[in-house]
Amino acid sequence: MKIVEPTSTQIVLPSGELMGASGRYSKRVSELAGCYADHGAFQALVALRGDEIAYVVDQFAPKTTEGDLIFGTSTLEPGDVAGEFFMTRGHLHKKADRSEIYQCIAGRGVMLMETLEGRVAAIELVPGHIVYVPPYWIHRSVNVGPEKLVTLFCYPADAGQDYEIIAAAGGMASLIVSDGRGGWRQAPNLRYVGRADRTKPGSVE
Ligand code: NI
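Residues numbered from 1 in each chain as written. Predicted model: local features only at pLDDT ≥ 70, side-chain atom pairs only at ≥ 80, totals over all residues. Heavy atoms only, no water.

1. Observations concerning the overall build of the protein
Okay, so step 1: Along the backbone of the protein there are two helices and 15 strands.
Okay, so step 2: Rg of the C-alpha trace for the protein: 17 Å, near the compact-globule value of 17 Å for 205 residues, within the 12% margin.
Okay, so step 3: In terms of overall dimensions, the protein has a C-alpha envelope of 55 × 35 × 30 Å along the principal axes.
Okay, so step 4: Here the protein holds 205 residues, and 41% of them are scored as buried.
Okay, so step 5: In the protein, once contacts between residues fewer than 6 apart in sequence are set aside, the share between residues at least 24 apart is 67%.
Okay, so step 6: A total of about 10500 Å² of accessible surface is found on the protein, and carbon and sulfur atoms cover 55% of it.
Okay, so step 7: Between the centroid of the 20 positive side chains of the protein and the centroid of its 24 negative side chains there is a distance of 2 Å. (Helix = DSSP H or I, 4+ residues; strand = E, 2+ residues; numbered from the N terminus. Rg over C-alpha atoms; globule rule 2.2 N^0.38 Å. Buried < 20%, exposed > 50% of the residue type's maximum accessible area, 1.4 Å probe, protein only. Contact = heavy atoms within 4.5 Å. Areas by Shrake-Rupley, 256 points an atom, 1.4 Å probe, with all protein chains shown as cover. Lys, Arg positive; Asp, Glu negative; His and termini not counted. Charge placed at Lys NZ, Arg CZ, Asp CG, Glu CD.)

2. Quick notes on the coordination of the nickel ion
Okay, so step 1: Each protein donor to the nickel ion is listed here as His91 (NE2), His93 (NE2), Glu100 (OE) and His139 (NE2); together their distances run 2.0 to 2.2 Å.
Okay, so step 2: Every donor counted, the four donor atoms about the nickel ion form angles of 84 to 165 degrees at the centre, which fits irregular coordination.
Okay, so step 3: One chain supplies every donor for the nickel ion, spaced along it as H-x1-H-x6-E-x38-H.
Okay, so step 4: By relative accessible area, His91 is classed as buried at 9%.
Okay, so step 5: Its relative accessible area of 3% is what places Glu100 among the buried residues. (Donors = N, O, S within 2.8 Å, 3.2 Å for Na, K, Ca; no water. Tetrahedral: all angles 85-135°; square planar, octahedral: opposite > 155°, others 65-115°.)

3. Some words on the UniProt feature "domain: Glucose-6-phosphate isomerase prokaryote" (unreviewed entry) in the protein
Okay, so step 1: Here, UniProt's "domain: Glucose-6-phosphate isomerase prokaryote" (unreviewed entry) annotation points to residues 27-187.
Okay, so step 2: Here residues 27-187 runs as 10% helix and 43% strand, with 25 Å between its end C-alpha atoms. (UniProt positions renumbered as here; feature names shortened; annotations may be inferred.)

4. Looking at the sheet that holds strand S13 (residues 149-156)
Okay, so step 1: Across the sheet, which stays open at both edges, the six strands sit in the order S3-S4-S5-S13-S8-S11 with antiparallel pairing between neighbours. A strand with exactly one partner marks an edge of an open sheet, and here the two such strands are strand S3 (23-28) and strand S11 (130-133). Between one strand and the next, the sheet's axes are offset by a mean angle of 20 degrees, whatever the strand orientation.
Okay, so step 2: Bridge analysis of strand S8 (residues 100-106) against S11 gives four bridges, and the strand direction is antiparallel. Across the sheet, residue Ile101 finds its bridge partner in S11, namely Tyr132. (Pairing = 2+ DSSP bridges. Axes fitted to C-alpha atoms, helices over the stretch in contact; angles between N-to-C directions.)

5. So, the environment of Glu114
Okay, so step 1: Tracing the sequence through the fold places Glu114 in strand S9 (residues 109-115).
Okay, so step 2: Spatially, the C-alpha atoms of Glu114 and His139 are 6.7 Å apart, while their sequence positions differ by 25 residues.
Okay, so step 3: Discounting chain neighbours no more than four positions away, the residues touching Glu114 are Arg119, Val120, Tyr136, Trp137, Ile138, Met172, Ala173, Tyr192 and Arg195.
Okay, so step 4: At 2.9 Å, the side chain of Glu114 forms a polar contact with the side chain of Tyr192.
Okay, so step 5: Side-chain polar atoms of Glu114 contact the side chain of Arg195, separated by 2.9 Å. (Polar contact = N/O pair within 3.5 Å; in protein donor to acceptor, adjacent residues only side chain to side chain.)

6. Looking at the packing of aromatic side chains
Okay, so step 1: Evaluation of the coordinates by the stated rule reveals five aromatic pairs.
Okay, so step 2: Judged by centre distance (5.8 Å) and plane angle (20 degrees), the ring pair of Tyr36 and Phe42 falls under stacked.
Okay, so step 3: Ring geometry for Tyr36 versus Phe86: centroids 6.3 Å apart, planes at 55 degrees, classification tilted. One end of the pair, Tyr36, is in the loop between S3 and helix H1 (39-49); the other, Phe86, is in the loop between strand S7 (84-85) and S8, and 50 residues separate them in sequence. For the residue pair Tyr36 and Phe86, the accessibility class agrees, reading buried in each case.
Okay, so step 4: By the ring-pair criterion, three or more aromatic residues cluster together here, those being Tyr36, Phe42 and Phe86.
Okay, so step 5: Positioned above the aromatic ring of Tyr163, the side-chain terminus of Arg89 is 4.2 Å from the ring centre. (Phe/Tyr/Trp six-rings, centres within 6.5 Å; stacked < 30°, edge-to-face > 60°. Lys NZ or Arg CZ within 6 Å of the ring centre and 35° of its normal.)

7. Digging into a nonpolar patch on the surface
Okay, so step 1: Residues Ile101, Ile130 and Tyr132 make up a contiguous nonpolar surface patch of roughly 300 Å² in combined accessible area.
Okay, so step 2: Assignment of secondary structure puts Ile130 in strand S11.
Okay, so step 3: A residue is classified by how much of its surface remains accessible, and Ile130, at 52% relative accessible area, is exposed. (Patch = residues over 30% accessible without salt bridge, like charges linked within 9 Å, V, L, I, M, F, W, Y side chains within 5 Å. Salt bridge = Lys/Arg side-chain N within 4 Å of Asp/Glu carboxyl O.)

8. Digging into the sheet that holds strand S10 (residues 120-125)
Okay, so step 1: Read across the sheet, three strands follow the order S10-S9-S12 without closing on themselves; strand pairing throughout is antiparallel. In this open sheet, the two strands that pair with only one neighbour each are S10 and strand S12 (137-143). With direction set aside, neighbouring strand axes in the sheet form an average angle of 20 degrees.

9. Section: the state of the cysteines
Okay, so step 1: Scanning the entire structure with this criterion turns up zero disulfides.
Okay, so step 2: You can see Cys154 has no disulfide; the closest cysteine sulfur is in Cys104, sitting 16 Å from it. (Disulfide = S-S within 2.5 Å.)

Encoded structure:
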């Protein structure tokens, strides 16, 4: 058994950078094709800002074996596509019985969650608040404020991520959109076909 040394780190604000992270990946605006309901508005945004970073994930992952933890920060830029707020691509854990927590460090967001049967939960994230994502819930974070949304996440190291499960259902059942008064609301996703019946028209784009 290899003994890993204890360590500590810190989150740099306002950037959301995790000091000493062992890995980083970022998504550009143009890489989020298919996430947003208004395809035309998305294309227009890509033409203007396609190369800009939409979000960055820094993580500290000593190992990816059972019993260990992976933690890190997700930093999501503010913005919207025809009123639909900027979001992460979202995923279900490959080992779907693995849970996760997210704590909001800065900004204002929503953790949008959904079961495989299509039951939705949307929980607001403000600094200091912690959202528990139980096993078997698909999850994505959404920035509903004017600043960067920085969250600290932590999940079992062997969880893995399935990023295709959302796209295969035509997105998530709910969209998180502007309420026109500086807040947010859920709106039905008209492209959503669910997961129970993959033979429905429109399930393959
Ligand atoms: Ni996760």
